[in-house]
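# Observations on the model geometry
One letter stands for each residue in the lines below.
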Amino acid sequence: MANESRMSFSEVEKIFQDKVDEDIRIEPKDWMPDAYRKTLVRQISQHAHSEIVGMLPEANWITRAPSLKRKATLIAKVQDEAGHGLYLYSAAETLGTSRDEMVAQLHSGKAKYSSIFNYPTLTWADMGAIGWLVDGAAIMNQVPLCRASYGPYARAMVRICKEESFHQRQGFEILLVLSRGSEAQRRMCQDAIDRWWWPSVMMFGPSDDASPNSEQSMRWKIKRFSNDELRQKFIDVSVEQVKLLGMRLPDADLKWNEERQHYDFGVIDWEEFRNVINGNGPCNKERLAARVQAHAEGAWVREAAMAHAQKMAEEQKQGHEAA
Amino acid sequence: MEQKTLIDYTLHLADNALVLGHRNSEWTGHGPILEQDIALSNIALDLIGQARNFYQYAARLRNEGVSLGGARGGRMSEGVAATGGGGVEVTEDTLAYLRDSWDYRNCLLVEQINGDWAKTILRLFFFSAYQYSFYQRLQQSRDRELAAIAEKSYKEVTYHLRWSSEWVIRLGDGTEESHRRMEEALDQLWKFSGELFVPADYEKVLAEKGIAVDLTAIRSQWEERVDAVFRQAGLTKPAAAWEQTGGKQGRHTEHLGYLLAEMQFLQRAYPGCEW
Amino acid sequence: MENQNTESRSSWPLWEIFIRSKQGLDHKHVGSLHAVDAAMAIENARDVYTRRMEGISIWVVESKYVHASNPDEAASFYDPANDKVYRHPTFYQLPDELTHM
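Reading the values: rules and limits
- Residues numbered from 1 in each chain as written.
- Chains lettered and ligands numbered in written order.
- Predicted model: local features only at pLDDT ≥ 70, side-chain atom pairs only at ≥ 80, totals over all residues.
- Heavy atoms only, no water.
- Helix = DSSP H or I, 4+ residues; strand = E, 2+ residues; numbered from the N terminus.
- Contact = heavy atoms within 4.5 Å.
- Areas by Shrake-Rupley, 256 points an atom, 1.4 Å probe, with all protein chains shown as cover.
- Lys, Arg positive; Asp, Glu negative; His and termini not counted.
- Charge placed at Lys NZ, Arg CZ, Asp CG, Glu CD.
- 1 Å grid on protein atoms, 1.4 Å probe; cavity = no way out; pocket = protein on both sides within 12 Å on 5 of 7 lines; lining within 4 Å.
- Points joined across faces, edges and corners; volume = space filled by probe spheres on them.
- Nonpolar A, V, L, I, M, F, W, Y, C, P; charged D, E, K, R; others polar.
- Buried area = accessible area lost by both parts, 1.4 Å probe.
- Salt bridge = Lys/Arg side-chain N within 4 Å of Asp/Glu carboxyl O.
- Buried < 20%, exposed > 50% of the residue type's maximum accessible area, 1.4 Å probe, protein only.
- Pairing = 2+ DSSP bridges.
- Axes fitted to C-alpha atoms, helices over the stretch in contact; angles between N-to-C directions.
- Phe/Tyr/Trp six-rings, centres within 6.5 Å; stacked < 30°, edge-to-face > 60°.
- Lys NZ or Arg CZ within 6 Å of the ring centre and 35° of its normal.
- Core = buried A, V, L, I, M, F, W, Y, C linked by side-chain atoms within 4.5 Å.
- Expected span 1.5 Å × (residues − 1).
- Parallel < 35°, antiparallel > 145°, perpendicular 65-115°, else oblique.

## Section: the overall build of chain A
- Assigned secondary structure in chain A consists of 12 helices and two strands.
- Principal-axis analysis of the C-alpha atoms places the extent of chain A at approximately 75 × 50 × 35 Å.
- Restricting to contacts in chain A with at least 6 residues of sequence separation, those with at least 24 account for 76%.
- Surface summary for chain A: the accessible area is close to 14200 Å², and the carbon and sulfur share equals 52%.
- Across chain A, the centroid of the 42 positively charged side chains sits 3 Å from that of the 46 negatively charged ones.

Given below as structure tokens:
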């Protein structure tokens, strides 16, 4: 293989695409198209932001978790999400951006994150619904990404998927217990499902014909399945699972289609999706404000730690010089 | 009466761990940097784990007492009306979620509100330094269950102590602002540190029997550790303050009521349910 | 909002983390994180990448000190060995009856 810097642009691009086609990972120092790099930075950081913002709706209920076991497992789950955000920021940083830059974009409203976290968590049952539906949808997206073309991204996804396994089960179990409980608990369970179902379905993004970038992302293998494919799979699986809860999904149009061998489902309210993703959701402002506040109030802490480390480094240096 | 005394002591240990774990978990999602958010949540999880061990033991003692025939086990506290007689089993959750603040036996230090990172760190440092020496001794308790819990917990608090000590030093000897905040934290928390070493009646009784830790024996170790860390942090202990006490006996600050109201809400609003 | 100056004063450097598990033979690169110094980096790594499991060895290196080979040189590093195919065990045809080899 000749030195890439002496090759033409189309030649290096071909080598790059050949690697992708053959499932050879692209690593940080490899040549990659500018657009690939930019798209990845946006996609990975968006995913990272989603994990971090996603901590908030669940962290809401940590202090109110109704049993010690639930308290502990909820803290563990939310903490995992912090860790996932960190793995993803770390993967994005290999592409030449910094965490500070990405966080600044999130706080300024420039960067997007998953719309689902702009919905409020109103009852304990929401913890169950989020685990079952939101994490369920996320897992469906994430597992294929374990084979994404960009090495650090794929490896972060593998780590995340391993840890994700208990999140969905935990959520479903919360709902299961509620579904077998008192009348109020059963109502709580159905109410949460009623509120989280459609936002979860929307998590897969616009339909394929409204997703112009999907095709390029699939060629680059940073997206392995189309939005509609994953959404259909999610709905098919959920319709079966909800039966175990003795609950119903809030879609009167759900019906098995023998011909397609899939469930038909109702019309998605894309206006709601657009509004929520553009900042008009019920909690957008609060979520962002919470993150901005944490970062601002933490500035003196970060500064102090840095200052102390520098003092220690200076002392050590002087110690060596004196010796 | 020994059973009740042992239960009181165990609950005191459980309440300490739960209340501090709960307080630390309030930071989840709001920490100054991701890495520390994760670290403090880990510590919260450890503390809640310790609490659960103690609550489960207290519940067992309580249930054994009942099965041995009514009054001997006694009601472990006046407040638990829900466990009315008969064969109603007490669980870790009954103890955590159905006692009111006058039945909680945690010391006042752990229920103080988080404030800023400086106050949270200092509170954790004071308490971890205490737990470190405390669990070290409790490992020799004549009560095998307490000794076993102590052994497991000791490893965890060794880490908590190191982590919080390092942060006290970073903040004490960081910037002018961080130093000022540490001094403010010290000003607010110092008066609660004394209670850690003032034994409640149940502690005195059990210490004589080799079950509870003799607090006078660990006080100087705590003071040495605090002095050493404060030296590096450039902090000075305040002059002797009027020590606040009462937590171990169920007389708390106004904070605990709010904490429990939030924590216990669901169990109180929907009594008798499984979650 | 923080201005540029405070952001740079409070910005923590990036560290690469390498972990060797209890049963492992080598340290594996697992990702990166931010910390003010090596001691904090190790502590953070313990929390983030090992969830405080015991018996794990952690190496941390500030990212700016990691030097990497250039990928287009990889060809010259590794191609020669590809000619020496006799180094590879599958090159040799051995009878099935032969065990333990």
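## Re empty space enclosed by the protein
- All chains considered together, the criterion is met by three cavities of 30 Å³ or more.
- Size it by volume and the largest cavity reaches roughly 310 Å³.
- Residue assignment for the lining of the largest cavity shows that the elements contributing at least two residues are α4 (99-108) and α11 (284-297) of chain A together with α2 (34-67) of chain B.
- Per-element tally for the lining of the largest cavity: the top contributor is α4(A), with five residues.
- For the lining of the largest cavity, the class distribution of residues is nine nonpolar, six polar and six charged.
- In this structure, the second largest cavity spans a volume of roughly 60 Å³.

## Re the interface of chain A and chain B
- Facing the 47 residues of chain A at the interface are 45 residues of chain B.
- The junction of chain A with chain B conceals about 3900 Å² of combined surface from both sides, 69% of it contributed by carbon and sulfur atoms.
- Put simply, chain A and chain B have two salt bridges between them.
- Of all the secondary structure elements, the ones that give two or more residues to the side of chain A that touches chain B are α2 (34-59), α3 (68-93), α6 (151-179), α7 (183-202), α11 and α12 (299-322) of chain A.

## Quick notes on the pattern of salt bridges
- If you walk through the whole model with that rule in mind, you get 37 salt bridges over all chains.
- We note a salt bridge from Arg260(A) to Asp264(A), for which the minimum N-O separation is 2.9 Å.
- A relative accessible area of 37% means that Arg260(A) is categorised as partly exposed.
- Under the relative-accessibility criterion, Asp264(A) is labelled partly exposed at 26%.
- Across the salt bridge formed by Arg181(B) and Glu177(B), the nearest N and O atoms sit 3.0 Å from each other. Of this pair, Arg181(B) and Glu177(B) both sit in helix α7 (residues 176-193), four residues apart, which is roughly one turn of that helix.
- Beyond isolated ion pairs, a larger network of salt bridges with shared partners links Asp116(B), Glu177(B), Arg180(B), Arg181(B) and Glu184(B).

## Things to note about the sheet that holds strand β1 (residues 14-20) of chain C
All names here are of chain C.
- Within the open sheet, the three strands sit side by side as β2-β1-β3. Their pairing is antiparallel. Looking along the sheet, the strands with just one partner apiece sit at the ends: β2 (28-34) and β3 (57-62). On average, each strand axis in the sheet is tilted by 30° relative to the strand beside it, whichever way the strands run.
- The sheet strands contacting helix α2 (residues 38-49) are β1, β2 and β3, and the helix crosses β2 at an angle near 115°.

## Observations regarding the environment of Leu266(B)
- Among the structural elements, Leu266(B) can be located in helix α10 (residues 254-269).
- By relative accessible area, which is 3% here, Leu266(B) ends up buried.
- Along the primary structure Leu266(B) and Gln221(B) are separated by 45 residues, whereas in three dimensions their C-alpha atoms are 41 Å apart.
- Other than its neighbours up to four places away in sequence, Leu266(B) contacts Trp61(A), Arg64(A), Pro66(A), Trp124(A) and Trp275(B).

## Overview of the packing of aromatic side chains
Residues and elements named next belong to chain B.
- The final tally for this structure, using the stated rule, is 29 aromatic pairs over all chains.
- Centre to centre, the rings of Trp117 and Trp163 are 6.2 Å apart; their planes meet at 75°, and the pair counts as edge-to-face. Of the two residues, Trp117 is situated in helix α5 (residues 117-138) and Trp163 in helix α6 (residues 144-172); the sequence distance between them amounts to 46 residues.
- Relative to Phe134, the ring of Tyr130 lies with its centre 5.3 Å away and its plane at 35°, an arrangement referred to as tilted. You can see Tyr130 and its partner Phe134 sitting in helix α5, four residues apart, about one turn around the helix.
- Joined through ring pairs, the aromatic side chains of Phe54, Phe125, Phe126, Phe127, Tyr130, Phe134, Tyr135, Trp190, Phe197, Trp222 and Phe230 make up one cluster.
- Its end group placed over the ring of Trp167, Arg170 keeps NZ or CZ at 4.7 Å from the ring centre.

## A few points about the environment of Trp198(A)
All names here are of chain A.
- By the secondary structure assignment, Trp198 is in helix α7.
- On the basis of relative accessible area, Trp198 is assigned to the buried category, the value being 19%.
- Spatially, the C-alpha atom of Trp198 lies 9.9 Å from that of Val267, the residues being 69 residues apart in sequence.
- When neighbours within four sequence positions are excluded, Trp198 is seen to be in contact with Pro250, Asp251, Gly266, Val267 and Ile268.

## Overview of the nonpolar core
- Membership of the largest hydrophobic core comes to 203 residues, with the highest contact counts inside it found for Trp124(A) and Phe126(B).
- Beyond its immediate stretch of four places on either side in the chain, Trp124(A) contacts Trp61(A), Ala65(A), Pro66(A), Arg70(A), Leu74(A), Ile174(A), Leu178(A), Met188(A), Leu266(B) and Trp275(B).

## Things to note about the pairing of β2(C)
Residues and elements named next belong to chain C.
- With five of seven residues buried, β2 lies mostly within the body of the structure.
- Here β1 runs beside β2; their pairing, made up of six bridges, is antiparallel. The residue of β2 that forms the bridge with Phe18 is His29.

## Observations regarding unusual backbone geometry
All names here are of chain A.
- Positioned with a positive phi, Asp23 is a non-glycine residue whose angle comes to about 60°.
- Assignment of secondary structure puts Asp23 in the loop between α1 (9-21) and α2.
- A relative accessible area of 43% means that Asp23 is categorised as partly exposed.

## Some thoughts on helix α9 (residues 227-245) of chain A
Residues and elements named next belong to chain A.
- Taking 1.5 Å of rise per residue, 19 residues should cover 27 Å, and α9 covers 27 Å from first to last C-alpha, within 8% of that figure.
- Residues of α9 that are buried make contact with α5 (125-145), α6, α7, β2 (262-264) and α10 (270-280).
- After α9 finishes, the residue Gly246 shows a positive phi value of roughly 70°.

## Digging into the packing of α2(A) against α11(A)
All names here are of chain A.
- Here α2 crosses α11 at 110°, and the two axes come no closer than 10 Å. Between α2 and α11, the angle is such that the two are roughly perpendicular. Each of Ile52, Val53, Leu56 and Pro57 in α2 lies in contact with α11, whose residues at this interface are Arg287, Ala290 and Arg291.
- Partitioning the contact of α2 with α11 into residue classes produces five nonpolar, no polar and two charged.

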